[in-house]
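These are the residues of each chain, in order.
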Amino acid sequence: MHRWVATMTAPIFFIAAHCSILFAAFTRSMLETTEYGHWEPVCLSMGIELFLLLLLLLGFRKAGNKDYADLFLPLGKWISAALIVPLAGFILLIPILALRYFAELMIIVFIARSPLHVILAVLCLLMFFGASIGPQGIMRASTLLTLINFPVLLFAVFACFQNAKFVRVYPLINPSMDFLSNSTFLITLFSICPFLLLGMLPPVCKVKIRPILISFILISLLHVVVLYIPIVIYDLNAAKIMNFPLMTSFDSVNITWTVFNRISLFYAVALLAFVMTLSSFSMWSSALLIRKIIPAWRETYIRICLSLIVFLISFIIPSWNDYIRVFAADTWFRLLIYAVIPTAVFLRGRSIAAQERKRVLSE
């Protein structure tokens, strides 16, 4: 039993990290990529993530139980800083965007009259305490919260189908694949960023390729199902003008026998658990990477500073339209991280494996 739990910790966290993004801003962005055949851009983005994921995991498998900092620091001060600092900054962007999105969602679903800065302060405080319990605690919390809240999200998803008109999915195939010429497709690739967080896990728990790939299949299917929910309920033209098409779809369901009279409350409560798990782990990862670059700095103080940065940047995004602009502004930086980091990990892993073979042969 203990061995099974140790093996499944990383895949369960991988699912949780994806859910925090999939059930947040993914649907709205992906709806704008094309007029029909939306499963095509989803499959392409999943194919891109699969390639980068395999590149990353194969590199770490050859390197042993190392994280990004352990892998890159032996390359020298300047090269390691050029790789680790942008990566730490990118990982820090995850809680900034995730918490700002969820704060907006909370104002709509739960507490319409609460000031934005109060909600963000509470979320950042929860994130800081979550990051402070350390990676083992975050992984245990991730496993428990996912086992509780993932079925809740699935319940909310399948409850939506009572209002669905499946004829709205047609036409299914888009032979022109016009989404490839739409810059919005590049923006939607933010949804694949959780694969990068797996690079912080080898010293924490077992990261095996097969369980990760099995969880990836589930994640891919869920991407397609979740994307089509607003389409089959409202039709594409109506869904595209909504800021929160998925939440609005959940809000259209009325089931009187549940604890909450609105399915959107199930969705919001479950999403909170996933967002805080992802944000806490991202905060811990960024702080650890910075501390390994500058060992003289204490990790606790780094986390405090980073939490303040997350709060301030999230707070100075005044409106939803500004959030969308910020969301799109880092697209090229994101693509650069996707291209450079997995490639560097794979090449570094091959180099370490080659050095180890030479050492064994010389003995």
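Owing to the predicted nature of the structure, the values given are computational and were not obtained by experimental measurement.

Scanning the protein chain for helices and strands turns up 15 helices and zero strands. Computed over the C-alpha atoms, the radius of gyration of the protein chain is 21 Å, within 12% of the 21 Å expected from 2.2 N^0.38 for a compact globule of 363 residues. Averaging the positions of the 27 positive and the 15 negative side-chain charges in the protein chain gives two centres separated by 10 Å.

Within the secondary structure, Leu71 sits in helix α3 (residues 68-72). For Leu71, a relative accessible area of 0% puts it in the buried group. As a C-alpha pair, Leu71 and Gly199 span 128 residues in sequence and 9.9 Å in three-dimensional space. Once residues lying within four places of it in the same chain are set aside, the contact partners of Leu71 are Phe60, Ala63, Lys66, Val345, Arg348 and Ile352.

Take the packing of aromatic side chains next. A full pass over the atoms with the stated rule returns 12 aromatic pairs. Ring plane angle 50 degrees and centroid distance 6.5 Å describe the contact between Tyr101 and Tyr323, whose orientation is recorded as tilted. Highlighted residues: Tyr101 in helix α4 (residues 77-109) and Tyr323 in helix α14 (residues 320-329), separated in sequence by 222 residues. For the pair Tyr101 and Tyr323, one class covers both residues: buried. With a centroid separation of 5.6 Å and an interplanar angle of 65 degrees, the aromatic rings of Phe128 and Phe129 are classed as edge-to-face. Its relative accessible area of 16% is what places Phe128 among the buried residues. Of the residues examined, Phe129 reaches a relative accessible area of 49% and is grouped as partly exposed. Linked through ring pairs, Phe90, Phe195, Phe333 and Tyr338 together constitute an aromatic cluster.

Ranked by internal contacts, the top residues of the largest apolar core, which has 128 residues, are Phe23, Tyr68, Tyr101, Tyr267 and Tyr338. Per element, the largest residue contribution to this core is 18 residues, and it comes from α4. With near-sequence residues (within four places) excluded, Tyr267 lies in contact with Phe23, Ala24, Tyr101, Leu105, Leu153, Leu246, Met247 and Phe250.

A separate point is the packing of helix α12 (residues 263-293) against helix α13 (residues 299-315). The N-to-C vectors of α12 and α13 enclose an angle of 125 degrees; their axes lie 9 Å apart at closest approach. Looking at the two axes, α12 sits oblique to α13. In this structure, the crossing between α12 and α13 has a hand that is right-handed. Between α12, through Met283, Trp284, Ser286, Ala287, Leu288, Ile290 and Arg291, and α13, the contact on the second element is made entirely by Glu299, Ile302, Arg303, Leu306, Ser307 and Val310. Across the contact of α12 with α13, the residue classes tally to eight nonpolar, two polar and three charged.

This structure, assessed with the given rule, holds nine salt bridges. For the salt bridge of Arg28 with Glu32, the shortest nitrogen-to-oxygen distance reads 3.6 Å. Residue classification places Arg28 among the buried positions, given a relative accessible area of 18%. The class of Glu32 is partly exposed, set by a relative accessible area of 31%. For Lys292, the salt bridge is made with Asp70, and the minimal N-O distance between the two is 3.1 Å. Of this pair, Lys292 sits in helix α12 while Asp70 sits in helix α3, and the two are 222 residues apart along the sequence. Asp70 gets classed as partly exposed once you look at its relative accessible area, which sits at 29%. Residues joined in a network through salt bridges with shared partners are Asp67, Asp70 and Lys292.

Bringing the side chain of Thr9 into the picture now. When you line up the elements, Thr9 lands in helix α1 (residues 2-31). The class for Thr9 is buried, based on a relative accessible area of 10%. In this structure, Thr9 is in contact with Met139, Thr143 and Cys205, ignoring residues within four places of it in sequence.

Before going further, it helps to examine α13. With 17 residues, α13 extends 24 Å between its outermost C-alpha atoms, agreeing within 8% with the 24 Å of an ideal straight helix rising 1.5 Å per residue. Taken together, the buried positions of α13 are occupied by Glu299, Ile302, Arg303, Leu306, Ser307, Val310, Phe311 and Ser314. Its buried side turned inward, α13 meets α4, α5 (116-132) and α12.

Let's shift gears to the state of the cysteines. Two cysteines, two sulfur atoms, one covalent bond between them: this is a disulfide. Enumeration according to the criterion identifies zero disulfides in this entry. Note on Cys19: no disulfide assigned, nearest cysteine sulfur contributed by Cys193 at a separation of 13 Å. No disulfide involves Cys205; its sulfur sits 17 Å from that of Cys19, the nearest cysteine. The class of Cys205 is buried, set by a relative accessible area of 13%.

On to the environment of Glu40, then. Among the structural elements, Glu40 can be located in helix α2 (residues 39-63). Residue classification places Glu40 among the buried positions, given a relative accessible area of 9%. Between the C-alpha atom of Glu40 and that of Asn163, which follows or precedes it by 123 residues, the distance is 24 Å. In this view, Glu40 contacts Ile173, Asn174, Met177 and Phe179; residues no more than four positions away in its chain are not counted.

We now examine a positive patch on the surface. Together, Arg61, Lys62, Arg350 and Arg357 line one region of the surface with positive charge. If you trace the backbone, Arg350 turns up in helix α15 (residues 331-362). Of the residues examined, Arg350 reaches a relative accessible area of 48% and is grouped as partly exposed.

The rules we used
- Residues numbered from 1 in each chain as written.
- Predicted model: local features only at pLDDT ≥ 70, side-chain atom pairs only at ≥ 80, totals over all residues.
- Heavy atoms only, no water.
- Helix = DSSP H or I, 4+ residues; strand = E, 2+ residues; numbered from the N terminus.
- Rg over C-alpha atoms; globule rule 2.2 N^0.38 Å.
- Lys, Arg positive; Asp, Glu negative; His and termini not counted.
- Charge placed at Lys NZ, Arg CZ, Asp CG, Glu CD.
- Buried < 20%, exposed > 50% of the residue type's maximum accessible area, 1.4 Å probe, protein only.
- Contact = heavy atoms within 4.5 Å.
- Phe/Tyr/Trp six-rings, centres within 6.5 Å; stacked < 30°, edge-to-face > 60°.
- Core = buried A, V, L, I, M, F, W, Y, C linked by side-chain atoms within 4.5 Å.
- Axes fitted to C-alpha atoms, helices over the stretch in contact; angles between N-to-C directions.
- Parallel < 35°, antiparallel > 145°, perpendicular 65-115°, else oblique.
- Left-handed = near helix turned anticlockwise from the far one by under 90°.
- Nonpolar A, V, L, I, M, F, W, Y, C, P; charged D, E, K, R; others polar.
- Salt bridge = Lys/Arg side-chain N within 4 Å of Asp/Glu carboxyl O.
- Expected span 1.5 Å × (residues − 1).
- Disulfide = S-S within 2.5 Å.
- Patch = residues over 30% accessible without salt bridge, like charges linked within 9 Å, V, L, I, M, F, W, Y side chains within 5 Å.
- Areas by Shrake-Rupley, 256 points an atom, 1.4 Å probe, with all protein chains shown as cover.

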